[in-house]
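Structure assessment
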Amino acid sequence: MSRYVGALDQGTTSTRFMIFDRTGSVVAIDQSEHRQSFPEPGWVEHDPVEIWSKTQAVIEGALTKAGLVASDLAAVGITNQRETTVIWDRATGEPVADAIVWQDTRTADLCVDLAGDEGPDRFRSRTGLPLATYFAGPKARWLLDEHDLHERAARGELAFGTIDTWIAWNLTGGVHVTDVTNASRTMLMDLVTLAWDSDLTMELGIPGHMLPQIVPSSGHIATCTGVLQGVPLTAILGDQHAALFGQACFAPGEAKNTYGTGNFMLMNTGSSPLVSESGLLSTVGYQIEGGETAYALEGSIAVTGSLVQWLRDNLGLISDASEVEELAASVADNGDVYFVPAFSGLFAPHWRPDARGVVTGLTRFANKGHLARAALESTAFQTKDVLNAMTEDSGVELSELRVDGGMTNNALLMQFQADILGVDVVLPRVAETTALGAAYAAGLAVGYWSDLNQIRDLWEEEHRWSPSMDVADAERLHARWLQAVERSFDWV
C-alpha cells in the first residue's frame, strides 16, 4: 500500500498541498497565494484559472520537497473555500467570468427580491440557510443575469460549481462533482434528502443540468489525471467541515472553531439537522459513503484574520501579520476601543448586510496599539456571540473549544478568547486541521485508516488556554462590544 495521503486545500487567500503519514503528521507542504480582486465596493473576485495553475504548482512542489511521486499517495482529498462560485464552458473548460468569492455582497438586492414577502427565511426549512449574499446559488444567478448566459445555460453548455467542483473538474479530466457539504452551501440542495431541489433551482433560475453530481464527503469519487495521474480522489469537504473532521468532532455536541480569513464554529448535531432559532446555519457536517451522515450547526464570521491583513495592507500599522500580537501587547487593555469589522456586513448570528465597519470609543488617549488590540479582540467577541447562539440552539454547554487555523499562533488572542468564553481553548498537535480532515476522509475511503475511532485516537493536544479573567470583567467587556455592534447597523 502507498505510504502517504495527500490533501489539496484551496483557501480564500492561498492554495496548498499537504502530505500526511499514518500518524497524521505532516510530511511536506507547499503553498502559494493568489490575487484578490476588489473591482467595486463590496465585490470580491478570484481568477479560477490562476487558482488551477497554483493548484498544479503546489502539488508538484510538495511532492518534490518530500522526494515523492504521485504513485506514493494512496489517495487525495480536496478541501476548499466554500460558496465561492464559478461558471465555465463545458466544451473549453474556460470560466465565463472571474469567480465571485463568498465574502462578496453584490447579490444583496437579488436576495431581497428572492425573499419577497416571506423574508430571508423563505427557504430555511429546506436548506437550513437564510437568504444572504454569502451563499452560492444567488451568485450563480447573478452571473447568468449579468453576462446574459441564460440561453447558453438552458442548452447545457455551461457548468456551475463551487471551488471544489472547479478543482475536481480540472484534476480528473472533466468529472463534474461536488460533495454534500459544499452542496449544502448553495441554497439549492434539500438538507434532508441531500439532493438538488427542483423547486429551488427553478426559484433561483438555475437550470438543473448546470449542477454537479452530489457525492459523499468520503468515498471513491474519481481517478486523477495530470499532475496526480492515477491517484484516487476519495474525499471532498468544504474547509470548515474538513476542520470538524480533522478535529475528530465525531460525536454530537463536539465543536471546533477555525481562525482563518474569517472564523467558523461548527458543532456536530448528530444524524438529523437541527434548525436554528438563534441566527446560525444548519448544514451537513460530513457524509461517509455507505455509512453515517452527520449534521452541524455553524456560526460563520466574515472578517477575522483578514482584519489583520487590512491593518497591514490598508493602514500600514504593521509590515507583517505576525507583528500584530506585539503591537497589541504594547498596551495593557483596549482603552475602551472596539472595532466591529463589518466590511461585508455581519454574518452569524446577526445577518445584517446593512452593517459596515466601525471603530468606537476613540479618544486622544487611543493609539495604534489600542487599535491592534481592538482588532484582535473583535475576533474573540464575535466568537462569543456565536457560541452563545449555539448554546441557546443546542442546549449544550461546552466544556472546551477545540481551535485551529493561522490565528491560533497568537497567544494573546487565544488567552483573551478563553477569558471571554469562560471555557478552555484547546489547540491540537496539528493545527492545520482543514487539510488534515480532507486527508483523513480520503484515507478512510481506501482503508489507509480503518475507522473513525482510529482517527479519534490520533488527535493530540498541543496547548491549552484556561480562563484567568474575572467573570464580571469579561461580561462588562462583552456588553461594551454589543453596544459597538449596534452602531454598525443601518449604514447601507
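The text that follows walks through the structure, step by step, so that each part is easy to find. As the structure is a computational prediction, the values presented were derived from the model and not from experiment.

Reading the values: the criteria
Residues numbered from 1 in each chain as written. Predicted model: local features only at pLDDT ≥ 70, side-chain atom pairs only at ≥ 80, totals over all residues. Heavy atoms only, no water. Helix = DSSP H or I, 4+ residues; strand = E, 2+ residues; numbered from the N terminus. Rg over C-alpha atoms; globule rule 2.2 N^0.38 Å. Contact = heavy atoms within 4.5 Å. Areas by Shrake-Rupley, 256 points an atom, 1.4 Å probe, with all protein chains shown as cover. Lys, Arg positive; Asp, Glu negative; His and termini not counted. Charge placed at Lys NZ, Arg CZ, Asp CG, Glu CD. Phe/Tyr/Trp six-rings, centres within 6.5 Å; stacked < 30°, edge-to-face > 60°. Buried < 20%, exposed > 50% of the residue type's maximum accessible area, 1.4 Å probe, protein only. Lys NZ or Arg CZ within 6 Å of the ring centre and 35° of its normal. Axes fitted to C-alpha atoms, helices over the stretch in contact; angles between N-to-C directions. Left-handed = near helix turned anticlockwise from the far one by under 90°. Nonpolar A, V, L, I, M, F, W, Y, C, P; charged D, E, K, R; others polar. Pairing = 2+ DSSP bridges. Parallel < 35°, antiparallel > 145°, perpendicular 65-115°, else oblique. Salt bridge = Lys/Arg side-chain N within 4 Å of Asp/Glu carboxyl O. Polar contact = N/O pair within 3.5 Å; in protein donor to acceptor, adjacent residues only side chain to side chain.

Let's talk about the overall build of the protein
What the protein contains, in helices and strands, is 16 helices and 21 strands. Taken against the 2.2 N^0.38 rule, which gives 23 Å for 492 residues, the C-alpha radius of gyration of the protein at 21 Å falls within 12% of a compact globule. Dimensions of the protein, computed from C-alpha atoms along their principal axes, come out at roughly 60 × 50 × 45 Å. Look at the contacts in the protein between residues 6 or more apart in sequence, and 73% of them connect residues 24 or more apart. For the protein, the exposed surface amounts to about 17900 Å²; the carbon and sulfur share of it is 48%. If you average the places of the 32 positive and of the 65 negative side-chain charges in the protein, the two averages end up 2 Å apart.

Some details on the packing of aromatic side chains
Counted under the stated rule, the structure contains 22 aromatic pairs. For the ring pair Y134 and F347, a centre distance of 4.6 Å and an interplane angle of 35 degrees mean the geometry is tilted. With Y134 in the loop between helix 3 (124–127) and helix 4 (136–146) and F347 in the loop between strand 17 (338–340) and strand 18 (358–360), the pair connects residues that are 213 residues apart, well separated along the chain. Of the two residues, Y134 and F347, neither departs from the other in class, the shared state being buried. Their ring planes at 15 degrees and their centres at 5.3 Å tell us that F381 and W481 sit as a pair that is stacked. With F381 in helix 12 (residues 368–394) and W481 in helix 16 (residues 471–486), the pair connects residues that are 100 residues apart, well separated along the chain. As far as burial versus exposure is concerned, F381 and W481 are alike and both buried. These aromatic residues form a ring-pair network of at least three members: W102, Y134, F135, F264, F347 and W351. For R352, the ring lying beneath its charged end belongs to F489, and the centroid distance is 4.0 Å. When the ring centre of W459 is taken as reference, the NZ or CZ atom of R402 above it lies at 3.7 Å.

Some thoughts on the packing of helix 12 against helix 13 (residues 411–421)
Put simply, helix 12 and helix 13 touch, their axes get as near as 9 Å, and they point 40 degrees apart. Between helix 12 and helix 13 lies a crossing whose hand is right-handed. Facing R373, L376, E377, T379, A380, F381, T383, K384 and L387 of helix 12, the residues of helix 13 in contact are L412, L413, F416, Q417, I420 and L421. Considering only residue class, the contact of helix 12 with helix 13 consists of nine nonpolar, three polar and three charged.

Notes on the pairing of strand 13 (residues 255–259)
Regular strands show a simple pattern: their side chains alternate between the two faces of the sheet. For strand 13, the buried fraction is high: five of the five residues fall into the buried class. Residues of strand 13 alternate between two faces, with A255, N257 and Y259 on one and K256 and T258 on the opposite face, all of them buried. Relative to strand 14 (residues 263–270), strand 13 runs antiparallel, the two sharing five bridges. Each residue of the ladder has a partner; that of Y259, found in strand 14, is N263. Here strand 13 folds back onto strand 14, and the loop between the two strands holds three residues.

Concerning the packing of helix 9 (residues 239–246) against helix 14 (residues 433–445)
At a minimum axis distance of 7 Å, the contact between helix 9 and helix 14 shows a crossing angle of 75 degrees. In terms of axis orientation, helix 9 runs roughly perpendicular to helix 14. On the side of helix 9, the interface is formed by D239, A242, A243, F245 and G246, while helix 14 contributes T433, T434, L436, G437, A438, Y440, A441 and L444. Across the contact of helix 9 with helix 14, the residue classes break down as eight nonpolar, four polar and one charged.

Concerning the side chain of K139
Of note, K139 is situated in helix 4. Buried and unpaired, K139 has no salt bridge, with D104 as the nearest side chain of opposite charge at 5.2 Å. At 3.3 Å, the side chain of K139 and the backbone oxygen of V101 are in polar contact. With sequence-adjacent residues up to four places away left out, K139 is seen in contact with E83, T85, I100, V101, W102, D104, T107, T133 and Y134.

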